[in-house]
Amino acid sequence: MTDAYLTVAERATATFEVRGSEFLGHVSPAASVDEAEAFVETVREEYADATHNVPAYRVPAGEPSERRPGDGEVMLREYASDDGEPSGSAGKPALNVLQGREVRNVAAVVTRYYGGTNLGVGGLVSAYSRAVQDALDAAGVVEERPHRTMVVTTAYDDSGTVRGIVESADVSFEAEYGEDVTFEIRVPVAEAAALADRLRSATSGRVDPE
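Let me sum up the structure you'll find in this document. All figures in this text were calculated on a predicted structure; none of them were measured in a lab.

### Looking at the side chain of serine 89
Checked against the element boundaries, serine 89 lands in the loop between β5 (76–80) and α2 (91–100). Among the polar contacts made by the side chain of serine 89, one reaches the main-chain carbonyl oxygen of proline 86 at a distance of 2.6 Å. What serine 89 contacts, discounting residues up to four positions off in sequence, is Asp82, Val121, Leu124, Val125 and Tyr128.

What follows is the structure, encoded as structure tokens:
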């Protein structure tokens, strides 16, 4: 679960026409099945007048809260539907592009407005594949590393030490000052254990990162 992976940088849509039919390829980052399904539903609602809205996604199985560092390789949930197009002509080609580009944590929907001319199975495969390819290119494919949120609660006496170590680790964090000081630190999974050890050592064990 510490390995880097490819995903999309942001949501994007790409549009083109084939023999009168308009195709719109949409992609979005998605960290779970729920996020992927929510994106699919959002597109379906926005383009409710379309002839087809074909979904495909590759996301981690299970919810993020159920996954912990050290769980091993992330199992992917892969899904696609033809949404009324001939079997194998739409959803599978869309998913094949995600697999071929080796991207994950991503959801795609291809919207089609029928233009009056049948494209045949081969034409549909080509069009749905291109829609996802173009959308990925528009969104930008980036390398990401899995992160986790580490929570550190400390007395004020140690808060300066903790803050200095966190800042030197070059990770993002937020600090909340109340009766104690609570740091919420977003750290790459691969670096979490070492950072936790540094914090324990520097405070003689007075802080215990969660």
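### Some details on the packing of aromatic side chains
Inspection of the entire model under this criterion finds five aromatic pairs. Arranged with centres 5.6 Å apart and planes meeting at 15 degrees, the rings of phenylalanine 16 and phenylalanine 23 form a pair that is stacked. Geometrically, the ring pair formed by phenylalanine 173 and phenylalanine 183 is tilted, given 6.2 Å between the ring centres and 50 degrees between the ring planes. Of the two residues, phenylalanine 173 is situated in strand β9 (residues 172–177) and phenylalanine 183 in strand β10 (residues 181–188); the sequence distance between them amounts to 10 residues. You can call phenylalanine 183 buried: its relative accessible area is 0%. In textbook terms, an aromatic cluster arises when at least three aromatic residues are bridged by ring pairs, as seen for Phe16, Phe23 and Tyr128. Here the guanidinium or amino end of arginine 104 rests over the ring plane of tyrosine 5, the centre of that ring lying 3.8 Å away.

Each value, and the rule that gives it
- Residues numbered from 1 in each chain as written.
- Predicted model: local features only at pLDDT ≥ 70, side-chain atom pairs only at ≥ 80, totals over all residues.
- Heavy atoms only, no water.
- Helix = DSSP H or I, 4+ residues; strand = E, 2+ residues; numbered from the N terminus.
- Polar contact = N/O pair within 3.5 Å; in protein donor to acceptor, adjacent residues only side chain to side chain.
- Contact = heavy atoms within 4.5 Å.
- Phe/Tyr/Trp six-rings, centres within 6.5 Å; stacked < 30°, edge-to-face > 60°.
- Buried < 20%, exposed > 50% of the residue type's maximum accessible area, 1.4 Å probe, protein only.
- Lys NZ or Arg CZ within 6 Å of the ring centre and 35° of its normal.

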